[in-house]
Amino acid sequence: MASVHPAPDFDAEEDAKILRKAMKGFGTDEDAITEILCHRSNDQRQEIETMFKQAYGKDLIDELKSELGGNYEKAILAMMQAPAVYDATCLRKAMKGAGTDESTLIEIMCTRKNDELTAIKEAYNAEFERDLEEDLVSETSGHFERLLVSMCQANRDETYEVDDEAAESDAQELFDAGEGKWGTDESTFNMILALRNFNQLRAIFREYEKIAGKDILESIKGEVGGSLEDGYLTIARAAMDTPALFARLLYKSMKGLGTDDKTLIRIVVTRSEIDMEYIKAKYEEMYEKPLADAIADDCGGDYKKCLIALVG
């Protein structure tokens, strides 16, 4: 369930007028900007952007960039991009320049649905004139590269059907590929985690536990390491309970000294129109603290108000 919904009685012209007034003259009315943009759906924000240019001959994004700053600006600009374009932009930033931000690659490539991944690939090509799969191949290597290439095919079974016999057979294959032998056959893990629907994966994991005497997450941690481990764990956790996976990532982004604002913004923005209500409930259940309170403790000013408005 989403925390951000399309505004009823939406009037793009009126919203554009309020935003223009909020940024005109000396000083900026950040509260007005937050009030409008955090309470509109992404489609409505796109309409406002078009209307703003039509009415005032100015680019709304350019205006926001010149008036806002810091993490508040980053959050607002993230919200203004269409979802596939935003994900594509995050992926490009994760691979551009020196070093690769594997955690961003994993979070996006291993949790998005087929239609979302297809849209991301198209947006990546349209925005950057580059091929996403080629970039993933050039920036990663080994079995981790293979996992991301598999995800890039956007071809997971997305039915809800469960075949118990096949689940037993896959569970045995996973056991034989890991705990049941010396070394690990990663290609078996890759095939099962990349192809099976989430209901089927849950059935496989239940059977696996009977065979191995431990859960699949423990086995993954024992069998592989590094980014490949993180990738496998992300898919397994998403299959078990997607809201819990994102609650965990949010907690991690705010835990300890300093905040991983990039991850915090990305998850709050991308899940606000999908399953943020479930993520909030899971967060409170897992960490005995409302998500909004955690954000309030970790962030400040207009940035804090913006994120709290998005999580609802």
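Residues numbered from 1 in each chain as written. Predicted model: local features only at pLDDT ≥ 70, side-chain atom pairs only at ≥ 80, totals over all residues. Heavy atoms only, no water.

J.: Any chance you could explain the nonpolar core here in plain terms?
T.: The nonpolar side chains of a soluble globular protein tend to be buried with one another. In terms of nonpolar packing, the biggest core is built from 93 residues, with Ile-33, Leu-37, Leu-64 and Ile-76 touching the most fellow members. Considering every element that reaches this core, the biggest residue donor is helix α15 (residues 226–254), with 10 residues. (Core = buried A, V, L, I, M, F, W, Y, C linked by side-chain atoms within 4.5 Å. Buried < 20%, exposed > 50% of the residue type's maximum accessible area, 1.4 Å probe, protein only. Helix = DSSP H or I, 4+ residues; strand = E, 2+ residues; numbered from the N terminus.)

J.: Before we go on, may I ask you to explain the packing of aromatic side chains in this structure?
T.: Think of a pair of aromatic rings as described by two things: how far the centres are apart, and how the planes are tilted against each other in angle. For the structure on display, the rule yields 6 aromatic pairs. Residues Tyr-283 and Tyr-287 carry aromatic rings whose centres are separated by 5.0 Å and whose planes lie at 55° to one another, so their mutual orientation is tilted. Highlighted residues: Tyr-283 and Tyr-287, both in helix α17 (residues 276–287), separated by 4 residues, approximately one helical turn. Judged by relative accessible area, Tyr-283 falls into the buried class, the value being 3%. For Tyr-287, a relative accessible area of 23% corresponds to the partly exposed category. Connected via pairs of aromatic rings, a cluster forms that spans Tyr-251, Tyr-283 and Tyr-287. The ring of Tyr-56 carries Arg-20 above its face, with NZ or CZ at 5.5 Å from the centroid. (Phe/Tyr/Trp six-rings, centres within 6.5 Å; stacked < 30°, edge-to-face > 60°. Lys NZ or Arg CZ within 6 Å of the ring centre and 35° of its normal.)

J.: Before we go on, may I ask you to explain helix α4 (residues 60–67) in this structure?
T.: Working note: α-helix, 3.6 residues per turn, so residues spaced by three or four point in the same direction. Along α4, the positions that sit buried rather than exposed are Leu-60, Ile-61, Glu-63 and Leu-64. Buried residues along α4 cover an arc of 160° about the axis, so they all sit on one side. Elements in contact with the buried residues of α4: α1 (12–23), α2 (30–37), α3 (42–56) and α5 (70–80). The N-cap of α4, judged by a side-chain oxygen 3.1 Å from the amide nitrogen of Ile-61 a few residues on, is Asp-59. (Arc of directions from axis to C-beta. Contact = heavy atoms within 4.5 Å. Polar contact = N/O pair within 3.5 Å; in protein donor to acceptor, adjacent residues only side chain to side chain.)

J.: Whenever I open this one, the pattern of salt bridges confuses me. Can you help?
T.: One pass over the full model with this rule turns up 17 salt bridges. One salt bridge connects Asp-275 with Arg-271, and the closest N-O pair in it is separated by 3.0 Å. Given the relative accessible area of 7%, Asp-275 is considered buried. The class of Arg-271 is buried, set by a relative accessible area of 5%. Residues Lys-289 and Asp-297 are paired through a salt bridge, measuring 2.5 Å at the closest nitrogen-oxygen approach. On the basis of relative accessibility, which here comes to 30%, the residue Lys-289 falls in the partly exposed class. With relative accessibility at 56%, the residue Asp-297 sits in the exposed group. Through salt bridges that share partners, Arg-92, Arg-130 and Asp-135 make up one connected network. (Salt bridge = Lys/Arg side-chain N within 4 Å of Asp/Glu carboxyl O.)

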